[in-house]
Amino acid sequence: MLIAVILRQVPDTEADIVIHPEDPTRIIGDDIKWIMNPYDEFAVEAAVSTAEEHSGETLAICIGSEKAESVIRTAMAMGIDAGLLIRRDSDNNPDIISEAKVIAASLKEQMPDLILCGREYIDTGDDGIAAALAEFLHVPHVLNVNKLTVDSDQIQVEREVDGDTLRISMTLPGVVSCQKGLNEPRYPNLMAVRKAQKKPLDIKSLSDLGDDAARMRYIALSYPPARSAGRLVKGEPEDTARQAAEWLTRDARAF
Amino acid sequence: MDHTFFHALIVSLAIPGALYPFIKAVHRKFALLQKSNPVPDPISEHRVRVKELLSIFLGQQKLFQDFKPGIMHAVIFWGFLALLLRAITLFMMCLFGFQFHLPLLGSNQITGRLFSLITGMATVSVLIMVIYAMYRRYVQKVKRLINTWGAAFVLGMIAMLMITDLLFDGVFHGIRNTGFLWYSPFGSTLGILFAGSSGIVNPAMVWLGHFCIVLHCLGILAFLVYLPSGKHMHILTSVFNVYLRPLHRTGRLVKLDLDDETIESFGIEKMDDHTWKDVLDLYTCTECGRCNDQCPAALTGKSLAPREITIAENHFLQDEDADRILTGCATDEPVKQLIPDVVSEAAIWECTTCHACEQACPVNIGYVHRIIGLRRAANLNRGEFPKELKRVFKGMENNSNPWNIGASKRGDWASDLDIPFFSDTPNAEFLLYPGCAGSFDDRAIKVTKTLVQLLRKLNISFAILGSDETCCGETARRLGEEALGQSLIHANIELFNELGVKSILTTCPHCYNTFKNEYPDFGGNFKVIHHSQLLAGWVRNNPIFPAAVQLQDVTIHDPCYLGRVNGDYDSARSIINGISGLITTETEKNRSKSMCCGAGGGMFWMEETGERINHSRFDELMVQQPSQIAVSCPYCLIMLSDAAKDKQVQDAVKVQDVAEILLSAIDR
C-alpha cells in the first residue's frame with residue numbers, strides 16, 4: 001500500500017508578516033520562521049500510522065522553494081519514507097488548480113492507494129487541493145475527516161457537519177483531507193531526525209511536470225485594518241450596565 | 001578464665017566460612033562497577049574531596065540535617081570506628097588467649113586504658129542509640145523508614161554485639177576481681193556485680209562469658225556475610241561514594257555529543273547506560289528516605305519518590321540484570337528497559353530538578369542527572385513525553401519561547417521604556433537578559449520593568465537584545481530535549497559573541513545557572529550575575545531608610561537554582577535586611593532545605609497530578625503569617641502568586657520579587 005501526503009510550507013502562525021515594500025504581491029519571507037502547514041501534520045500522522053499498521057510505504061510531496069525541503073525532512077522525521085520536492089522559485093501562489101494539476105502529473109508513474117492532505121492551508125486559506133487533485137486523478141475524495149480506518153481497499157471515515165457526524169465508506173484509491181482531532185501528530189525525536197536526513201528525496205521542477213503557468217496571480221497584499229481601541233465603561237455596576245446597554249442599542253445598533 | 005581450644009577452633013573455622021561468601025559477593029559487585037560506563041569528569045581535586053570526606057563521611061555533616069536521627073547515626077558510626085579495634089582484639093583473644101592486646105593498647109598502658117575507656121563508652125552509647133533506632137522504627141513508626149527484615153536483623157545484631165561485649169567484659173573483670181576501674185567503668189562495675197559479696201563469679205556466669213565472646217565473633221562474621229546483600233552495603237561503599245562525588249555537576253548537565261553518528265541511543269535506556277558512579281550510588285543507598293522527605297513530588301503524593309527509584313534499580317540490577325551484564329551474552333530475550341520495567345514513566349516527568357534529594361542524601365547519591373538521563377532516552381530515542389510538552393517544544397523551536405508567542409513580540413515589554421539595544425551600545429556594562437518569563441509573562445514583566453527603573457536610579461548602564469533575544473535552552477535540556485536545548489545554546493553563544501557581550505544580568509535563576517555553569521561546556525564564557533546579587537551588592541553599601549517606615553515581616557523563599565544549586569542564600573536576605581523596617585522571618589524549609597515552588601525541571605509546563613506543589617510550599621511559607629513573601633525567580637513568583645490566589649489570600653500576603661520590594665522602599 002502506497003500512501004502519499006501533500007504538504008505545504010507556511011509561515012509560522014505567530015510570525016510577524018511584513019509585505020515587501022517594493023513588491024506588494026509578496027511578503028518578506030527571509031526573516032520569518034516557516035513551518036509545516038499545521039493541518040498537514042494530521043495527514044502525515046495518519047499516513048505514518050496507517051502504513052505502520054498495514055506495512056505500507058509513504059511518500060510526501062511538496063511544491064515550494066528550496067527551503068521547503070525542511071518540511072519534507074520534518075515529515076520524514078515523523079516517519080514518512082520518501083519525498084518529492086517540486087521546485088518553484090516564489091513562495092505560495094493562489095492557483096490551487098494548477099498546483100493540483102502538477103501534483104497529479106507527478107503521481108502518473110505510481111498511483112498511490114491513498115492520498116492525504118490537510119483540510120486547509122493556513123497562509124492562503126485555500127481548502128481546494130483535495131478536491132482538485134481527486135478531479136485530476138479521477139478518484140473519489142472526502143473532506144474534513146476526523147476519523148479514519150483503513151481496511152485493504154476500503155476506508156471508513158467520519159466528518160462533522162452541523163451537529164451531525166457523517167460516516168462514509170470510500171473505495172480506494174482516493175483523496176482525504178484531514179481535520180484537527182483526527183490524531184495526535186508525533187513529535188520528531190532526534191533519532192528520527194537523523195534518519196530523515198538519509199531518506200530519499202527526489203527534486204523536480206514545475207516544468208518537468210508540465211506546469212502550464214498559473215492562471216491566477218496576486219495583484220497586491222494589504223494588512224487588515226488595525227483593531228480600534230475598546231471602550232471602557234466606569235462606575236457602579238448599575239450605572240455601567242446602563243451605559244453599556246445604551247451604547248449597544250444606540251451607537252453600535254447591536255439589536 | 002582463658003580461651004580454650006574450642007574458642008580457637010570455632011572462630012578459626014568461621015572466619016574462612018564467612019570471608020568466602022563475603023569476598024565472592026563483593027567481587028561480583030566490583031565486577032559490575034567495572035562493566036559500567038566511565039564518569040564524564042576526571043577524579044581530581046583531591047584536596048576538596050578529602051575535605052568532604054572529613055566533613056560528610058567522618059563528620060557525618062549531612063546526617064545532622066535531620067538532627068535527632070543524625071545524632072543517633074553519628075554515635076553508632078563513631079562508636080563502630082572505635083569498636084573496630086575492639087573487635088579485632090576480641091577475635092585475637094579467641095584465637096591466641098585472653099591476655100592478647102594490640103600494640104600500645106594493653107590494660108597497664110595509658111593508651112590502652114584510654115582506648116578501653118573509649119570503647120566502653122562507645123559500646124554503651126551504641127546500645128542506647130540502637131534502642132532509640134528501634135523506638136523510631138517500631139514505636140514511633142517514622143514514615144520514611146521501611147521496616148524490612150534486614151533492618152530488624154541489623155538492629156538486633158548490633159544490640160547483640162554490644163550486649164555480648166559488655167557481658168564478656170563484666171565476667172572478665174569479675175573473675176579478676178579488679179574492683180572499679182576508671183578506664184572500664186561499665187565492665188568493671190558489671191564485674192563487681194557478677195562477683196557479688198563472695199568475690200567469686202558463679203560458674204554459670206563464667207560459661208556465659210565464654211559464650212558471649214564466641215557469639216560476638218560469630219555475630220560479626222554473620223554481619224559480614226549479610227553486608228553485601230542489603231542496604232548495609234553502605235558501610236563498605238559510603239566512604240568511596242562520598243569521596244568520588246562528581247564535583248561541579250550540580251546544575252550542570254552532561255553535554256551529549258549529538259554530532260557523533262555512531263551513537264544509536266542517548267541517555268539512560270537500560271542498566272548498562274549508567275556510569276560506575278551511578279551503580280555505586282545504587283549500592284550505597286541506605287533506604288533512609290531523607291531524599292523522599294525533601295522531594296516536592298514525593299511530599300505531594302506523586303508517583304516519583306527518589307529513594308524508590310534507587311531501590312528499584314538496585315534490586316533489578318542485583319536480582320535480574322547482573323548476569324547479563326557480567327557475562328555479556330546476548331540472549332534471545334530483549335534487554336529490559338528501565339522504563340517501564342523498573343521505573344514508572346510518570347515518575348520521571350514529575351521531577352522539578354530542585355536537587356533537594358541530593359542535598360538531603362547523607363552519602364552523596366546523585367539523582368537529578370539520572371532522571372534527566374531517563375528523560376533524554378525517552379525524548380531523543382523514542383519521542384515519548386507528556387503530550388502537553390509538544391507545544392512547548394514547538395514554541396521553543398519556532399518562536400524561541402515555551403509560550404509559543406511570536407518571537408517578534410519578545411521585546412514588546414520594553415517598547416515604551418526607551419532602552420538601548422546592545423547592538424547600538426556595545427559598551428553597556430550589562431546585557432539585561434530578562435529571559436522568556438521576564439519577556440512574556442505579565443507578572444514577570446513587572447519585575448523586569450522594576451529592575452530597569454532600579455538600574456537607572458543606580459546609574460548602571462545596560463542594554464537589551466529586544467526581539468533578537470532567544471530562549472537560554474535551560475528548560476529544553478531539563479526536559480530531555482537535548483537537541484533543541486543545544487541548538488538554542490549555540491544560537492545564543494553565536495549572537496553574544498558577535499555582539500561582544502561580556503556580562504549578562506539575568507532576572508531568572510534558571511537562565512543564570514545555565515549561562516554560568518552550562519554555557520562554558522559549549523564554548524560560551526560570560527560573566528553572569530543575577531539581579532538579586534547586583535542589588536544586594538548595592539544595598540549592603542547603601543542601606544535604605546524609607547521616609548515612611550513600615551514594620552513588616554518578610555518570609556524569604558529561596559529559589560532552587562540560586563540557593564541549593566549555586567549556593568547563594570544571602571543576596572535576597574541582604575536586600576530585605578538592608579531595608580529599615582523589614583524583618584526577615586525564616587521558614588523551617590529555608591536555605592538549603594528550601595522547598596521548590598513546583599515549576600523547575602519543566603514542571604511549569606506539565607499537567608500536575610495530586611496535591612499541587614505550589615500550594616504545599618505556600619502553606620509552609622505562611623506558617624509564620626508574614627505580610628510579604630520575597631522571591632527572586634519569575635517562576636517562583638508566578639507559582640506562589642497563583643497559590644495565594646487559589647487560596648484567596650492574595651490581599652493578606654504580597655508575593656513580590658526582591659527588586660519590587662527594594663524599589664517600593666526607595667520610593668516610599
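Predicted model, so just to flag it, every value in this text is computed and none were measured.

Along the backbone of chain A there are six helices and 11 strands. Structurally, chain A occupies a C-alpha span of about 70 × 50 × 40 Å along its principal axes. The long-range share in chain A, meaning contacts at least 24 apart out of those at least 6 apart in sequence, stands at 72%.

Tallying secondary structure elements over chain B gives 27 helices and eight strands in all. If you line up chain B on its principal axes, its C-alpha atoms span 100 × 70 × 45 Å. Within chain B, the fraction of its 668 residues that count as buried is 46%. Relative to all contacts within chain B whose residues are 6 or more apart in sequence, the contacts with residues 24 or more apart total 78%.

Turning to the domain arrangement of chain B, a few remarks are in order. Residues and elements named next belong to chain B. Splitting chain B by domain gives domain 1 (5–21 + 48–229), domain 2 (271–381), domain 3 (389–535) and domain 4 (543–667). Once you take the C-alpha centre of each, domain 3 and domain 4 turn out to be 22 Å apart. Each partner contributes residues to the interface: domain 3 has 28 residues there, and domain 4 has 27 residues. Looking at the side of domain 3 that touches domain 4, the elements that each hand over two or more residues are α17 (389–399), α18 (435–440), α19 (442–457), α20 (474–478), α22 (509–518) and α23 (531–541). A per-element tally of the side of domain 3 that touches domain 4 places α19 first, with eight residues.

Another point: the interface of chain B and chain A. Taken residue by residue, the interface counts 17 residues in chain B and 14 residues in chain A. Every element with two or more residues in the side of chain B that touches chain A is listed here: α16 (368–381) and α17 of chain B. Ranked by residues supplied to the side of chain B that touches chain A, first place goes to α17(B) with four residues. Its residues assigned to classes, the side of chain B that touches chain A comprises six nonpolar, eight polar and three charged.

So, about the packing of helix α4 (residues 110–139) of chain B against helix α5 (residues 149–175) of chain B. Residues and elements named next belong to chain B. For the pair α4 and α5, interaxial distance at closest approach is 9 Å and the crossing angle is 155 degrees. Classified by the interaxial angle, the pair formed by α4 and α5 is roughly antiparallel. The element α4 and its partner α5 pack so that their crossing is left-handed. For the pair α4 and α5, the contacting residues are T123, V126, L127, V130, A133, M134 and R137 in the first and A151, L155, I158, A159, M162, I163, D165 and L166 in the second.

Turning our eyes to something else, we now look at helix α7 (residues 203–226) of chain B. Residues and elements named next belong to chain B. Look at α7: 34 Å from first C-alpha to last across 24 residues, which is about the 34 Å you get at 1.5 Å a residue. When α7 is considered as a whole, its buried residues turn out to be G209, C212, I213, V214, H216 and C217. On the buried face of α7, the contacting elements are α1 (5–35), α3 (67–96) and α5.

All names here are of chain B. Taken together, four strands build an open sheet; the order of strands is β2-β1-β3-β4 and the sheet is parallel. In the strand order of this sheet, the two ends are held by β2 (462–463) and β4 (527–530), each with one partner. Of the strands in this sheet, β1 (430–433), β3 (503–506) and β4 touch α22, which is tilted by about 160 degrees from β4.

On to the pairing of strand β7 (residues 141–151) of chain A, then. Residue and element names in this part refer to chain A. Note that β7 and strand β10 (residues 174–178) share three bridges and pair parallel. Looking across to β10, one finds that H141 is bridged to V175. In textbook terms, the turn of a hairpin is the stretch between consecutive antiparallel strands, and for β7 and strand β8 (residues 154–161) this stretch comprises two residues, one of which, S152, has a positive phi near 35 degrees.

So, about the nonpolar core. Residue and element names in this part refer to chain B. In terms of nonpolar packing, the biggest core is built from 134 residues, with I576, L640 and L662 touching the most fellow members. Looking at this core, the element that brings in the most residues is helix α26 (residues 634–646), giving eight residues. If sequence neighbours within four positions are ignored, I576 has contacts with V554, I556, L582, T584, A630, V658 and I661.

Right, let's get into the environment of B:H101. All names here are of chain B. For H101, the position within the fold is in the loop between α3 and α4. Residues H101 and T89 lie 12 residues apart in sequence; the distance between their C-alpha atoms is 6.1 Å. Contact partners of H101, with chain neighbours within four places excluded, come to T89, G106, S107 and G112.

With that out of the way, let us pick up the domain arrangement of chain A. The domain architecture assigned to chain A consists of domain 1 (2–209) and domain 2 (230–255). Each of domain 1 of chain A and domain 2 of chain A has a C-alpha centre, and the two are 48 Å apart.

Let us now look at the packing of helix α3 (residues 96–106) of chain A against helix α4 (residues 129–137) of chain A. Residues and elements named next belong to chain A. Where α3 meets α4, the closest approach of the two axes is 9 Å, and the angle between their N-to-C directions is 50 degrees. In this view, α3 runs oblique relative to α4, as classed from their interaxial angle. Crossing geometry of α3 relative to α4 is assigned as right-handed. Contacts between α3 and α4 pair I96, I97, E99, A100, K101, I103 and A104 from the former with I129, A132, L133, F136 and L137 from the latter. When its residues are assigned to classes, the contact of α3 with α4 shows 10 nonpolar, no polar and two charged.

Every buried residue belonging to α23(B) is among B:H531, B:S532, B:Q533, B:L534, B:L535, B:A536 and B:V539, and all of these are buried. Where α23(B) is buried, its residues meet α19, β3, β4, α24 (570–577) and α27 (658–667) of chain B.

For the rest of this paragraph, the subject is the environment of B:H216. Residue and element names in this part refer to chain B. Turning to its location among the elements, H216 is positioned in helix α7. Residue H216 is classed as buried on the basis of its 24 C-beta neighbours within 10 Å. Sequence separation between H216 and I163 is 53 residues, and the spatial gap between their C-alpha atoms is 8.8 Å. Discounting residues that sit within four places of it in the chain, H216 has contacts with L90, L161, T164, D165 and F168.

Another point: the sheet that holds β7(A). Sheet strands pair by backbone hydrogen bonding; their relative direction is either parallel or antiparallel. Residue and element names in this part refer to chain A. Strand order in this open sheet of nine strands is β9-β8-β7-β10-β6-β1-β4-β5-β11, and the pairing throughout is mixed. Where the open sheet ends on each side, the last strands, each with one partner, are β9 (164–171) and β11 (201–205). Direction aside, the axes of adjacent strands within the sheet are offset by 30 degrees on average. Of the pairings in the sheet, the one linking β7 to β8 comprises six bridges and is antiparallel in character. Residue V150 lies in a different strand from β8, and its bridge partner there is I155. Strands in contact with helix α1 (residues 38–54) are β1 (2–7), β4 (57–64), β6 (114–118), β7 and β10; relative to β6, the strand with the most contacts, it is inclined by about 150 degrees. Helix-sheet contacts for helix α2 (residues 69–77) involve β1, β4, β5 (82–87) and β11, and the interaxial angle to β5 is about 165 degrees.

Moving on: the pairing of β1(A). Residues and elements named next belong to chain A. Counted residue by residue, β1 has five buried out of six residues, so it is predominantly covered. Across six bridges, β1 lies against β4 in parallel orientation. The partner of L2 across the bridge, within β4, is E57. Where β1 and β6 come together, four bridges link them in parallel fashion.

About the criteria used
Residues numbered from 1 in each chain as written. Chains lettered and ligands numbered in written order. Predicted model: local features only at pLDDT ≥ 70, side-chain atom pairs only at ≥ 80, totals over all residues. Helix = DSSP H or I, 4+ residues; strand = E, 2+ residues; numbered from the N terminus. Contact = placed C-beta atoms within 7 Å. Buried ≥ 20, exposed ≤ 12 C-beta atoms within 10 Å, placed from the backbone. Domains from an automatic or database assignment. Nonpolar A, V, L, I, M, F, W, Y, C, P; charged D, E, K, R; others polar. Axes fitted to C-alpha atoms, helices over the stretch in contact; angles between N-to-C directions. Parallel < 35°, antiparallel > 145°, perpendicular 65-115°, else oblique. Left-handed = near helix turned anticlockwise from the far one by under 90°. Expected span 1.5 Å × (residues − 1). Pairing = 2+ DSSP bridges. Core = buried A, V, L, I, M, F, W, Y, C linked by C-beta atoms within 7 Å.

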